[in-house]
Amino acid sequence: MINLLSDLLDIPVYALNAGLSAVILGIVSGALGSFIVLRKMSLMGDALSHAVLPGVALSYILGINILLGASLFGLLAAILIQFITSRSNIKSDTSIGIILSSFFALGIVLITFARSGLDLTHILFGNILAVPQSELTQSFIIMLVVIAIITLLYKELLISSFDPVVAKAYGLKTGFYHYLLMMLLSVVTVSSLSQVGIVLVIAMLVIPAATSYLWTKTLFHMIMLASAVGAVSGIAGVIVSFRYNLPTSATIVLVGMALFAVSFILSPKNNFLGKGLKTR
Amino acid sequence: MIEIKDLNVDYFGNPVLESIDLNIPLGYSVGIIGPNGAGKSTFIKALLEVVKKRSGSVNINGTDISGWKRRIAYVPQKNDIDLSFPITVRNTVLTGTYPGLKLFRRPGKKEQEIAERCMAMVDIGDLANRQISNLSGGQLQRVFIARALAQQAEVFFLDEPFVGIDLVSETIIVKLLKQLRAEGKTILIVHHDLHEVEDYFDKIIILNKKLIAFGDVGDTFTTGNIRRAYGASLGNVIIRGAGGEAHD
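- Under an unreviewed UniProt entry, chain B has the name Iron/zinc/copper transport system ATP-binding protein and belongs to Paenibacillus typhae.

- If you look chain A up in an unreviewed UniProt entry, it shows as Manganese transport system membrane protein MntC from Paenibacillus typhae.
- Recorded in UniProt for chain A, the comment headed Sequence similarities (unreviewed entry) runs: "Belongs to the ABC-3 integral membrane protein family."

Structure (structure tokens):
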């Protein structure tokens, strides 16, 4: 199908794959990122995306599915962060810092064992020029699964993000939804490896969601707009980076940042100009 | 009957509530009073298992409270809630119907109607499409009361509902609570001061880490009990100032 589309639009297959995968990543990370932003877990998201590195390396060494290894280490990191925070007076940002860096370090060590086949630079920064068909299919399926889960559990995810205390009081297992989101985050990180890589995936989760937050007043609209902003940043980033021969992952992020900057200034909800005039 | 047996709660190893035994009959309006830091909020949070108990059990009519949770509406303190969350007044009230909905089920027409009715009851219908960050303290509290009503609960737990709200809002809320009480609902309210206690409540719980007193307002809301609860935490200033009269 991709080949057909490629002939039809007269775009090389690799470029089409790059564009499509960037759009898929934009949509899924915008949706998931809305919850990450609203739950004040941006730093946690950053930690988790780094923490999947040992999982990626191990999966490669052992020849198991990369999604399995990555989600396992993502969840393990989330559990350890929770454990350190609850069993000591160490604050969560510090325990996040500890786990993020040590898992990342472990991943780097493990990758040296798998040196022959794994390119660290590609995992860290993405390699959008070489998105294989299989990976595109995988990203697409991940997107459908994430959207299905968010749709089915929308009510539970909304209330546990908005008012976890009341949710807990009426008997909702808020811990389950926390770890569910953490697992989805790990899976999405894997799906983003080709496009933006581990280092910058947090940008895709946070920037479109934050941009959308500035314009919307319901969660549903925020998710929709965040996905749209994510998709637009993705495709625009790919086009600009191909045309001017720039690193794609960084270009995608910078396009997203530009959209955020414009929103920050113009959004009526943020009222930056209004405030600016007042102080003058 | 809400039966509380040997309730103990710690916060990082420090006792917040100590060995509280209490039987609260259903169908009354019950005030929880006590000085700052007495553990009043923690008390209702522990009953609802939002805060972990070190020990103790809570039953309602012989059933563990976990089996009652969907029938208990909880209104936390205003600053426990993330007001910057992108949600409108209508949708906030609608979340009150969530406890009655099964997994995967979304609120439908029936729930929408409940939400509309509950908004009308606290006179916030005209604010339905406003974002909750753009409300006054009193309007906000009415939104959360409407949400609690939408749950169609048997028991209501409210944490300092009258703090930082205007007179109109307080009047509306008090009227509503009296109406609920008349319908036979049970209402537990953490009350921030000693104001209006006799008017608002049938019974009061006086707390200061331990249970100081519990009973009908007329018998329990006495100078002696209040002094026993507040004296210790107000500290030496008052006790010294009062000279030898510090004790009953």
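Still more to cover.
**Quick word on a nonpolar patch on the surface**
All names here are of chain A.
So, step 1. Taken together, the side chains of Trp215, Leu225, Val262, Phe264, Ile265, Leu266, Phe272 and Leu273 define a hydrophobic patch exposed on the protein surface, amounting to about 690 Å² of accessible area.
So, step 2. When contributions to the nonpolar patch are tallied by element, the ones reaching two or more residues are helix 14 (248-266) and helix 15 (272-279).
So, step 3. Here the nonpolar patch takes four residues from helix 14, the largest share from any one element.
So, step 4. Its place among the elements puts Leu225 in helix 13 (residues 219-244).

**Quick look at the layout of surface pockets**
So, step 1. If you add up the space inside the largest pocket, you get close to 2,000 Å³.
So, step 2. Every residue lining the largest pocket is counted, 42 residues in all, and those nearest its centre are Gln82, Thr85, Ser86 and Lys168 of chain A together with Val50 of chain B.
So, step 3. Elements supplying a minimum of two residues to the lining of the largest pocket: helix 3 (42-51), helix 5 (66-86), helix 6 (92-113), helix 9 (154-162), helix 10 (164-169) and helix 11 (174-191) of chain A together with strand 1 (2-11) of chain B.

**Some points on the domain arrangement of chain B**
Often, the extent of an interface is quoted as the loss of accessible area upon association of its parts.
Residues and elements named next belong to chain B.
So, step 1. The domain architecture assigned to chain B consists of domain 1 (26-51 + 65-71 + 154-247) and domain 2 (85-153).
So, step 2. With centres defined by C-alpha atoms, the gap from domain 1 to domain 2 works out at 26 Å.
So, step 3. At the interface, 19 residues of domain 1 touch 17 residues of domain 2.
So, step 4. For the pairing of domain 1 and domain 2, the buried interface totals around 1,200 Å² over both sides, and the portion due to carbon and sulfur atoms is 64%.
So, step 5. If you look at where domain 1 meets domain 2, you find zero salt bridges.
So, step 6. At the boundary of domain 1 with domain 2, the tally comes to six residue pairs in polar contact (both at pLDDT 80 or more).
So, step 7. Secondary-structure elements contributing two or more residues to the side of domain 1 that touches domain 2 are strand 7 (155-159) and helix 5 (167-182).
So, step 8. Partitioned by chemical class, the residues of the side of domain 1 that touches domain 2 number nine nonpolar, three polar and seven charged.

**Topic: the pairing of strand 6 (residues 72-75) of chain B**
Residues and elements named next belong to chain B.
So, step 1. What you see with strand 6 is no split at all: Ile72 and Tyr74 on one side and Ala73 and Val75 on the other are buried throughout.
So, step 2. In the sheet, strand 6 pairs with strand 7 via four bridges, with the strands oriented parallel. Counted as the bridge partner of Val75 is Leu158 from strand 7.

**Things to note about the pattern of salt bridges**
Opposite charge on two side chains makes pairing possible when the charged atoms of those side chains draw close.
All names here are of chain B.
So, step 1. Tallied over the full model, the rule gives twelve salt bridges over all chains.
So, step 2. With its nearest N and O atoms 3.0 Å apart, the salt bridge here joins Asp10 to Arg54. Highlighted residues: Asp10 in strand 1 and Arg54 in the loop between helix 1 (40-47) and strand 4 (55-60), separated in sequence by 44 residues.
So, step 3. Taking relative accessible area as the criterion, Arg54 reaches 52% and is therefore assigned exposed.
So, step 4. A salt bridge links Glu116 to Arg90; the nearest nitrogen and oxygen atoms lie 2.7 Å apart. Note that Glu116 is positioned in helix 3 (residues 109-121) and Arg90 in helix 2 (residues 89-94), a separation of 26 residues in sequence.

Conventions and cut-offs
Residues numbered from 1 in each chain as written. Chains lettered and ligands numbered in written order. Predicted model: local features only at pLDDT ≥ 70, side-chain atom pairs only at ≥ 80, totals over all residues. Heavy atoms only, no water. UniProt positions renumbered as here; feature names shortened; annotations may be inferred. Patch = residues over 30% accessible without salt bridge, like charges linked within 9 Å, V, L, I, M, F, W, Y side chains within 5 Å. Areas by Shrake-Rupley, 256 points an atom, 1.4 Å probe, with all protein chains shown as cover. Salt bridge = Lys/Arg side-chain N within 4 Å of Asp/Glu carboxyl O. Helix = DSSP H or I, 4+ residues; strand = E, 2+ residues; numbered from the N terminus. 1 Å grid on protein atoms, 1.4 Å probe; cavity = no way out; pocket = protein on both sides within 12 Å on 5 of 7 lines; lining within 4 Å. Points joined across faces, edges and corners; volume = space filled by probe spheres on them. Domains from an automatic or database assignment. Contact = heavy atoms within 4.5 Å. Buried area = accessible area lost by both parts, 1.4 Å probe. Polar contact = N/O pair within 3.5 Å; in protein donor to acceptor, adjacent residues only side chain to side chain. Nonpolar A, V, L, I, M, F, W, Y, C, P; charged D, E, K, R; others polar. Buried < 20%, exposed > 50% of the residue type's maximum accessible area, 1.4 Å probe, protein only. Pairing = 2+ DSSP bridges.

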